[in-house]
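Spelled out from the first residue to the last, the chains are:
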Amino acid sequence: FFFSSIKSSGINAEYGGPHMLGGYVMRGGAICMELLTRQGWSSAYSLESLILQISATLVKGKARISFNHKGTPYTFERAMCSFNALVESHQAKGWVTPPKEEG
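Definitions and cut-offs
Residues numbered from 1 in each chain as written. Predicted model: local features only at pLDDT ≥ 70, side-chain atom pairs only at ≥ 80, totals over all residues. Heavy atoms only, no water. Helix = DSSP H or I, 4+ residues; strand = E, 2+ residues; numbered from the N terminus. Contact = heavy atoms within 4.5 Å. Expected span 1.5 Å × (residues − 1). Buried < 20%, exposed > 50% of the residue type's maximum accessible area, 1.4 Å probe, protein only. Arc of directions from axis to C-beta. Core = buried A, V, L, I, M, F, W, Y, C linked by side-chain atoms within 4.5 Å. Phe/Tyr/Trp six-rings, centres within 6.5 Å; stacked < 30°, edge-to-face > 60°.

**Thoughts on the overall build of the chain**
The helix and strand inventory of the chain stands at 2 helices and 2 strands. Put simply, the chain runs from its N terminus to its C terminus through helices and strands in the order β-α-β-α. In the chain, once contacts between residues fewer than 6 apart in sequence are set aside, the share between residues at least 24 apart is 78%.

Here's what the structure looks like:
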């Protein structure tokens, strides 16, 4: 799962467009959540529970939107590369589940 850029004629071309900063969102737009991988996904999840989990992850990671991000805009290819690297890294090192007191 990843964020893609929001295109707007009001955004200066020298900027890469809106970007998520923090919140476990990688540079390419992938969200670092095992739930969003094939290994972590379950068809039992409802759309509501999925949105709540993503929202909680973004809040816990103190995500912010930068509308003046100077950098490479998100693309589908960048997002897939970011997601694949994220999955490979966690397959090698494992996923970390935060302690209960952290939510």
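**A look at helix 2 (residues 76-93)**
Each full turn of the α-helix corresponds to 3.6 residues, which orients residues three or four apart in the same direction. Here helix 2 is 18 residues long and its end C-alpha atoms lie 26 Å apart, about the 26 Å a rise of 1.5 Å per residue gives. Looking only at helix 2, the buried set comprises Ala79, Ser82, Phe83, Leu86, Val87 and His90. All buried residues of helix 2 fall inside an arc of 130° around its axis, so they share one side. Exposed positions of helix 2 whose direction lies more than 90 degrees from the buried face are Glu77, Cys81, Glu88, Gln91 and Ala92. Residue Gly94 follows helix 2 closely and has a positive phi angle near 90°.

**A short note on the nonpolar core**
Formed by Met20, Val25, Ile31, Met33, Leu35, Leu36, Leu50, Ile54, Leu58, Ala63 and Tyr74, the largest nonpolar core amounts to 11 residues. In terms of residue count, helix 1 (residues 47-60) provides more of this core than any other element does, 3 residues in total. Residues in contact with Ala63, not counting those within four places in the same chain, are Met20, Leu21, Gly22, Gly23 and Leu58. One finds Ala30, Cys32, Leu86 and Val87 within the second-largest nonpolar core, a separate group that totals 5 residues.

**Some words on the side chain of Thr57**
By the secondary structure assignment, Thr57 is in helix 1. Apart from the residues lying within four places of it in its own chain, the contact partners of Thr57 are Gly23, Tyr24, Cys32 and Met33.

**Overview of the packing of aromatic side chains**
Under the definition given, this model contains 1 aromatic pair. Arranged with centres 5.3 Å apart and planes meeting at 50°, the rings of Trp41 and Tyr45 form a pair that is tilted.

**Observations concerning the side chain of Ser82**
Within the secondary structure layout, Ser82 lies in helix 2. Assessed through its relative accessible area of 13%, Ser82 is described here as buried. The residues touching Ser82, leaving out its near neighbours within four places in the chain, are Met26, Gly28, Gly29 and Ala30.

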